[in-house]
Amino acid sequence: MTTRTLKQVIKSIATSDGGGVKLLRSLGQHQHLRLDPFLMLDEFSSMNADDYIAGFPDHPHRGFESVTYMLDGHMLHRDHLENQGDLKSGAAQWMTAGRGIIHSEMPQQTSGRMRGFQLWINLPAKEKMKPAAYQDIQPEQIPIMNLLNGGTVKIIAGKTEIEDQSIAGPIQSTSTEPLFLDIRLPAGAELMLPIALGHNAFVYPYEGQLKIGLGTEKQILATHCAGLLSEGDHLAIQADDENLAVLLLTAKPLHEPIVQYGPFVMNTHEEIEQAIADYRNGRLVSQD
Ligand code: MN
């Protein structure tokens, strides 16, 4: 057994996107701060409507997948084909942009807390131009594993085996085989879980500090920082002296060149120029 260790820390920075939504960006704040195939992780969290009310009006995407996971609040997703997804507390949307979508993501509340994440996962070259697709996942479709130490694990994507329980999430077998877990541990509690060898992995504590590793040599990762992990087939984590909430993301790396221009993520500059031209000519989303 080899236990994964903390290899690199990406401290999130405060930024804004869309119509002016305030958020914390860890992965993706610079193009060299990614973890193949993960391109970006944004956390939005505010009690103040001014920070989120402008939402994300109509904008395009091509070449990757975006996952929105809501902890609190209500957001409506709508695209150019009038596909619609209602995202409420505890729900997720797995969107495959493929060759193109033009969509909006707008808050459906004018007060109260809005909190959640958006994650971008790259697609392999052979799938970048496939038709757009959506999977809307309601809170009750996300399995919750209860741990002996009082903690919980929500499985949004992939499969995991913890304490002899094997559980699969609602999203399976996309080409990068992502595992997406939302883990909560009471103060001081520990958890050991398997991670596929050869898959890249990172953790993102969003409440409390995280300790990584075994024995007395644990490494500490502060709240709102992405912690990129070394190779290994297991991860040992522990909540520090307060309750912990942490995301764990793992996936198979693509090892392909990435050329990104805002919402377009392709393999070559020519493909980016094509995406921009297609968007201008109204052909980003056409099927012919
Ligand atoms: Mn979007």
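In the block above lies the structure referred to throughout.
Residues numbered from 1 in each chain as written. Predicted model: local features only at pLDDT ≥ 70, side-chain atom pairs only at ≥ 80, totals over all residues. Heavy atoms only, no water.

(A) Molecular detail of the coordination of the manganese ion. Donor atoms from the polypeptide that bind the manganese ion are His59 (NE2), His61 (NE2), His103 (NE2) and Glu105 (OE), placed at 2.2 to 2.6 Å. Here the donor residues of the manganese ion are spaced in sequence according to H-x1-H-x41-H-x1-E. By relative accessible area, histidine 59 is classed as buried at 17%. Looking at histidine 61, the relative accessible area reads 3%, which means it is buried. (Donors = N, O, S within 2.8 Å, 3.2 Å for Na, K, Ca; no water. Buried < 20%, exposed > 50% of the residue type's maximum accessible area, 1.4 Å probe, protein only.)

(B) Representation of the sheet that holds strand β1 (residues 6–11) in the model. Pairing within the open sheet is antiparallel, and its 7 strands lie in the order β1-β22-β19-β24-β17-β14-β13. Among the strands making up the open sheet, the edge pair consists of β1 and β13 (144–146). In this sheet, adjacent strand axes meet at a mean angle of 20° when their direction is disregarded. In this structure, strand β19 (residues 200–207) lies alongside strand β24 (residues 244–251), joined through 7 bridges in antiparallel fashion. Within β24, the position partnered with valine 203 by the bridge is leucine 248. (Pairing = 2+ DSSP bridges. Helix = DSSP H or I, 4+ residues; strand = E, 2+ residues; numbered from the N terminus. Axes fitted to C-alpha atoms, helices over the stretch in contact; angles between N-to-C directions.)

(C) Quick peek at the sheet that holds strand β11 (residues 114–122). Strand order in the open sheet formed by 7 strands is β2-β3-β4-β11-β6-β9-β12, with antiparallel pairing between adjacent strands. Each having just a single partner strand, β2 (13–17) and β12 (133–137) make up the two edges of the open sheet. Averaged over neighbouring strand pairs, the angle between their axes works out to 20° when direction is ignored. Examined bridge by bridge, strand β6 (residues 64–72) and β11 share 8 bridges and lie antiparallel to one another.

(D) Structural detail: the nonpolar core. One finds Leu27, Tyr69, Leu119, Phe180 and Phe202 to be the most contacted residues of the largest nonpolar core, which totals 29 residues. Of all the elements in the fold, those that place two or more residues in this core are β4 (38–46), β6, β9 (92–96), β11, β14 (152–157), β19, β22 (225–229) and β24. Ranked by the residues each element gives to this core, the list is headed by β24, at 4 residues. Of all hydrophobic cores here, the second largest spans 28 residues; its members include Met145, Leu147, Ile183 and Leu248. (Core = buried A, V, L, I, M, F, W, Y, C linked by side-chain atoms within 4.5 Å.)

(E) The arrangement of helix α1 (residues 269–280) in detail. Taking 1.5 Å per residue as the helical rise, α1 with its 12 residues ought to reach 16 Å, and the 17 Å between its terminal C-alpha atoms agrees with that figure. Taken together, the buried positions of α1 are occupied by Ile272, Ala275, Ile276 and Asp278. Considered in projection along α1, the buried side chains sweep an arc of 160° and stay on one side of the axis. Away from its buried face, by an angle of more than 90 degrees, α1 presents the exposed residues Glu270, Glu273 and Arg280. Taken together, the buried residues of α1 touch β25 (259–261) and β26 (264–266). (Expected span 1.5 Å × (residues − 1). Arc of directions from axis to C-beta. Contact = heavy atoms within 4.5 Å.)

Structural measurements only, silent on function.
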